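Here is how the chains run, residue by residue.
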2 protein chains.
Amino acid sequence: MKATFGEYIRQLRTDKGFTLTELAALLKLDSANLSKIENGKREFDEKRLDKLANAFDLDFEKLKIEYFGDQFAKKMYAYNCSTETLIVAEEKVNYLKSIKAKQAKLEL
Amino acid sequence: MKATFGEYIRQLRTDKGFTLTELAALLKLDSANLSKIENGKREFDEKRLDKLANAFDLDFEKLKIEYFGDQFAKKMYAYNCSTETLIVAEEKVNYLKSIKAKQAKLEL
DNA sequence: TTAAACTTGTCAATAGATGACAAATCTAAC
DNA sequence: GTTAGATTTGTCATCTATTGACAAGTTTAA
């Protein structure tokens, strides 16, 4: 659960005994590029999250957590951000939601 | 502190009595584009964070928290991610750091 | 040593972000 | 209500980064 997203995909794939070529076909990408993704040399495109969930019958909500958690972690690591960034992020999500709620009310 | 990053810039700017054109010059961008940034219609490029910190004499670490917190919040809001994403992100940052620490040890 | 699996390098094609500028709108002072 | 400065909006060419694709290399296990 602490692995990078690439390591996570590799885990899923090898557990099911798929080759890179087989999984790549399910995800509609090149096996060479899937290799790079698993080794952290390319990004996994969020547009393919649903295909990945289908391929391994995963809960989509949990997959999003894994995926975006990984994205955020990489950014924070790269820019040496303090963990307070995450607290601020949570506040800001709530702020965005409150804005939306306010707008929905006005449209009544 | 809960505002979006665009609102935050606008706050800083108007507090100091700068016009869009003036601040834009300091940040080396077009005033029209700065307007879009303040109104959440364009992204603020992370490469300009240092210029922004200088323009308002801000603590760079705090500015990063504000900036990346905003980025993460937007993503989470857009993809409707649960707040658990942030907990996972924190675990993963620590994982990345532990990897690095391990590698540093091997290189001795 | 052979075949399949995997890795790596490269590059053209594509998509997305950015800079630039014109035009419209807003605001406040006169 | 006119004017000037400030801001907003729309558009588009250009730049940049990402992606797909494929060739060539290495590793692995039989």
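Preceding this paragraph is the structure being described.
This one's a predicted model, so the numbers in the text were calculated from it and none came from an experiment.

J.: Explanation requested: the overall build of chain A in the structure shown.
T.: Summing up its helical and strand segments, chain A has six helices and zero strands in all. Reading chain A from its N end, one meets helices and strands in the order α-α-α-α-α-α. Taking 2.2 N^0.38 as the reference for a compact globule, 108 residues should give roughly 13 Å; the C-alpha atoms of chain A span a radius of gyration of 17 Å, well beyond that estimate. Seen along its three principal axes, the alpha-carbon backbone of chain A occupies a region of about 50 × 40 × 20 Å. The buried share among the 108 residues of chain A stands at 36%. Partitioning the intrachain contacts of chain A with sequence separation of at least 6 by distance along the chain shows that 47% fall at a separation of at least 24. A total accessible area of about 6,400 Å² is found for chain A, and carbon and sulfur atoms account for 51% of it.

J.: I tried to follow the packing of helix 1 (residues 5-15) of chain B against helix 3 (residues 31-38) of chain B on my own but got confused; where do I start?
T.: How two helices pack is summed up by the angle between their axes together with the distance between the axes. Residue and element names in this part refer to chain B. Following both chains from N to C, one finds helix 1 and helix 3 inclined at 120°, their axes separated by 7 Å at the closest point. By the angle between their directions, the pair helix 1 and helix 3 is classed as oblique. Two secondary-structure elements touch here, helix 1 through G6, E7, I9, R10 and R13 and helix 3 through L34, I37 and E38. A class-by-class count of the residues in the contact of helix 1 with helix 3 yields three nonpolar, one polar and four charged.

J.: Help me understand the interface of chain B and chain A in this model?
T.: By a widely used convention, the size of an interface equals the accessible area lost when the partners come together. Facing 38 residues of chain B, the contacting portion of chain A comprises 38 residues. Here chain B meets chain A over a buried area of about 3,800 Å², counting both sides, of which 70% is carbon and sulfur. Interface area lost by chain B to chain A is led by F72(B), Y77(B) and K92(B), which between them contribute 18%. Taken together, the connections running from chain B to chain A amount to four salt bridges. Measuring nitrogen to oxygen at the nearest pair gives 2.7 Å for the salt bridge that ties K92(A) to E66(B). For the pair chain B and chain A, the number of links is 14 residue pairs in polar contact (both at pLDDT 80 or more). Elements represented by at least two residues in the side of chain B that touches chain A include exactly helix 1, helix 5 (60-79) and helix 6 (84-106) of chain B. Looking at which element gives the most residues to the side of chain B that touches chain A, the answer is helix 5 of chain B, with 14 residues. Looking at the side of chain B that touches chain A, its residues break down into 17 nonpolar, six polar and 15 charged.

J.: What is the right way to read the relation of the copies chain B and chain A from this model?
T.: Copy one and copy two of the chain differ by a rotation about a common axis and a shift along it. Note on the identical chains: chain B maps onto chain A by a rotation of 180° and an axial translation of 0.0 Å, with an RMSD of 0.1 Å. The transformation relating the two chain copies, once decomposed into turn and shift, fits a two-fold axis. Of every C-alpha in chain B, the one belonging to L86(B) sits nearest the axis of rotation, 3.0 Å from it. When the interface residues of chain B are mapped onto chain A, 100% of them again fall at the interface, so both copies present the same face.

J.: Can you walk me through helix 5 (residues 60-79) of chain A in this structure?
T.: For an α-helix, 3.6 residues make a turn, and residues three or four places apart therefore share a direction. Taking 1.5 Å as the rise per residue, helix 5 of chain A with 20 residues should run 28 Å; its terminal C-alpha atoms sit 29 Å apart, in good agreement. Three or more residues of helix 5 of chain A are buried, namely L63(A), K64(A), I65(A), E66(A), Y67(A), F68(A), G69(A), D70(A), F72(A), A73(A) and M76(A).

J.: Got a minute to help me understand the protein's contact with DNA strand C in this structure?
T.: Taken together, the neighbourhood of DNA strand C is formed by 18 residues, with R10(A), L20(A), K36(A), K41(A) and R42(B) sitting nearest. Take the atoms of DNA strand C that sit within 4 Å of the protein: sugar and phosphate atoms are 47% of them. Between R10(A) and DNA strand C, the recorded distance is 2.7 Å, taken from a side-chain N or O atom to a phosphate oxygen. Of all the elements in the fold, those that place two or more residues in the surface near DNA strand C are helix 1 (5-15) and helix 3 (31-38) of chain A together with helix 3 of chain B. Class assignment for the residues of the surface near DNA strand C results in three nonpolar, four polar and 11 charged.

Procedures and definitions
Residues numbered from 1 in each chain as written. Chains lettered and ligands numbered in written order. Predicted model: local features only at pLDDT ≥ 70, side-chain atom pairs only at ≥ 80, totals over all residues. Heavy atoms only, no water. Helix = DSSP H or I, 4+ residues; strand = E, 2+ residues; numbered from the N terminus. Rg over C-alpha atoms; globule rule 2.2 N^0.38 Å. Buried < 20%, exposed > 50% of the residue type's maximum accessible area, 1.4 Å probe, protein only. Contact = heavy atoms within 4.5 Å. Areas by Shrake-Rupley, 256 points an atom, 1.4 Å probe, with all protein chains shown as cover. Axes fitted to C-alpha atoms, helices over the stretch in contact; angles between N-to-C directions. Parallel < 35°, antiparallel > 145°, perpendicular 65-115°, else oblique. Nonpolar A, V, L, I, M, F, W, Y, C, P; charged D, E, K, R; others polar. Buried area = accessible area lost by both parts, 1.4 Å probe. Salt bridge = Lys/Arg side-chain N within 4 Å of Asp/Glu carboxyl O. Polar contact = N/O pair within 3.5 Å; in protein donor to acceptor, adjacent residues only side chain to side chain. Least-squares fit on C-alpha atoms with pLDDT ≥ 70 in both. Expected span 1.5 Å × (residues − 1). Near = heavy atom within 4 Å.

It is worth stressing that arrangement in space is one thing and function is another; only the former is reported here.
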